[in-house]
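Listed below are the residues making up each chain.
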Amino acid sequence: MKSHFSFSKKDRNGIFLLVFLIIVVSTAKWFYQATRPVPVFEDEQVIQWRKEVDSLQQEATGKEVQLFPFNPNFITDFKGYSLGMTPDQIDALKKFRAEDQWINSRQEFKNVTGVSDQWLDSIAPFFKFPDWVSRSNSYSENNDKELRVLSNDQKTDLNSATSTQLQMINGVGPKLSKRIIEYRDRFDGGFASLVELYEIYGLKEEVIDRIKARFDVKTPRTINRILVNSATSNELVTIPYIDYELAYQIIEYRTLHEGIDSIEELTKIQDFPENKINLIGLYLQF
């Protein structure tokens, strides 16, 4: 055993030299691989696309962008980039539009995208909205005060209003006016109450307030109200937003409390949809 692990001075020097050479070679190999440029292999189509993108960027930044009137709802990625918008601002606009919502004013564009006042002052003068938006904005600015004091006789019956009349309200465009009319046509007799406007997708509360200022349901459809203190579960589930589980809870509540005296009392029932209380109240009699 000793003969195998005994080295002369010459042997030890050789071993140390070998270890040193191994370390030097390993370090040199690692350094070479770390600093060597990684080749990028692209086909001709990718190279061509890259050249086109570089050309467009150079064109956009190399000269002043000439602006013409445009609808800001249709700003593309490239147009937004050319106008100096950030990717986050462009994405915010695209997300807003993906929800089938429309920007109808300079201030609304700022609220959605978060652009600066300086950017808005230079670009917003080129915003061009559809004619109905311009009419409704003008109507709102000049006549909101008048609308707030309209008497019931001066208001238009919502059940006979045309799409054109509805679009005179600031915030109601072709799509929303169509939804209002489609909702009205679902029922024989149209709207029963202005409360039903809250059921129409996309109608904001402030827009509904403007509609209420100019329209009223003067010829409401007839609703056969259900006596809440004697209704069966099958009768209760015919009311919007009341399912069998909630119907059973209503019956149980009225049994324990010997009747229900008002619509407000229903809010004491667990899981009762309080935000729909006015709509549900159209179908109940106390």
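This is a predicted model, so every value here is computed, not measured.

Caption draft 1: Local environment of the overall build of the protein. Of regular secondary structure, the protein possesses 13 helices and four strands. Looking at the protein as a whole, 36% of its 286 residues qualify as buried. When contacts within the protein are restricted to residue pairs at least 6 apart in sequence, those whose partners lie at least 24 apart make up 58%. Entry remark: accessible area of the protein is about 19300 Å², with carbon and sulfur atoms responsible for 54%.

Caption draft 2: Region of the structure containing a nonpolar patch on the surface. Side chains of F7, I15, F16, V19 and I23 sit close together on the surface and give an oily, nonpolar patch of about 490 Å² of accessible area. By the element assignment, F7 lies in the segment before α1 (9-35). A relative accessible area of 43% places F7 in the partly exposed class.

Caption draft 3: Broad picture of the nonpolar core. Within the largest apolar cluster, 23 residues are counted, with the highest numbers of intra-cluster contacts made by L236, I239, I242, I250, L266 and L284. The greatest single-element share of this core, amounting to four residues, is contributed by helix α12 (residues 244-256). If sequence neighbours within four positions are ignored, I239 has contacts with I226, I280, Y283 and L284. Residues L158, L166, I169 and I180 belong to the second largest nonpolar core, which totals 19 residues.

Caption draft 4: The arrangement of the pattern of salt bridges in detail. A complete count under the given rule lists seven salt bridges for this structure. In this structure, the salt-bridge partner of D77 is K94, at a minimum N-O distance of 3.3 Å. Taken together, the positions of D77 in helix α3 (residues 77-82) and K94 in helix α4 (residues 87-98) put the pair 17 residues apart, joining distant regions of the chain. According to the relative accessible area criterion, K94 is partly exposed, its value standing at 41%. One salt bridge in this structure joins K276 and E199, with 3.0 Å as the shortest N-O distance. Of this pair, K276 sits in the loop between α12 and α13 (277-281) while E199 sits in the loop between α9 (174-185) and α10 (205-214), placing them 77 residues apart in sequence.

Caption draft 5: Spotlight on unusual backbone geometry. Its identity as a non-glycine residue notwithstanding, Y241 has a phi of 75°, on the positive side. Taking the relative accessible area as the measure of exposure, Y241 reaches 42% and is therefore partly exposed. For D271, which is not a glycine, the phi torsion comes out positive at approximately 70°. In this fold, D271 is placed in the loop between α12 and α13.

Caption draft 6: Inspection of the packing of aromatic side chains at higher detail. Evaluation of the coordinates by the stated rule reveals seven aromatic pairs. The cationic tip of K79 hangs over the ring face of F70; the distance from NZ or CZ to the ring centre is 4.5 Å. The ring of W102 carries the charged tip of R97 above its face, separated from the ring centre by 3.8 Å.

Caption draft 7: Structural view of the packing of α4 against helix α5 (residues 106-113). One can describe the packing of α4 onto α5 by two numbers: an axis separation of 8 Å at closest approach and a directional angle of 110°. As the angle between them shows, α4 and α5 are arranged roughly perpendicular. Mapping the contact onto sequence places Q89, A92, L93 and F96 in α4 and E108, F109, V112 and T113 in α5. In terms of residue class, the contact of α4 with α5 is made up of five nonpolar, two polar and one charged.

Reading the values: rules and limits
Residues numbered from 1 in each chain as written. Predicted model: local features only at pLDDT ≥ 70, side-chain atom pairs only at ≥ 80, totals over all residues. Heavy atoms only, no water. Helix = DSSP H or I, 4+ residues; strand = E, 2+ residues; numbered from the N terminus. Buried < 20%, exposed > 50% of the residue type's maximum accessible area, 1.4 Å probe, protein only. Contact = heavy atoms within 4.5 Å. Areas by Shrake-Rupley, 256 points an atom, 1.4 Å probe, with all protein chains shown as cover. Patch = residues over 30% accessible without salt bridge, like charges linked within 9 Å, V, L, I, M, F, W, Y side chains within 5 Å. Salt bridge = Lys/Arg side-chain N within 4 Å of Asp/Glu carboxyl O. Core = buried A, V, L, I, M, F, W, Y, C linked by side-chain atoms within 4.5 Å. Phe/Tyr/Trp six-rings, centres within 6.5 Å; stacked < 30°, edge-to-face > 60°. Lys NZ or Arg CZ within 6 Å of the ring centre and 35° of its normal. Axes fitted to C-alpha atoms, helices over the stretch in contact; angles between N-to-C directions. Parallel < 35°, antiparallel > 145°, perpendicular 65-115°, else oblique. Nonpolar A, V, L, I, M, F, W, Y, C, P; charged D, E, K, R; others polar.

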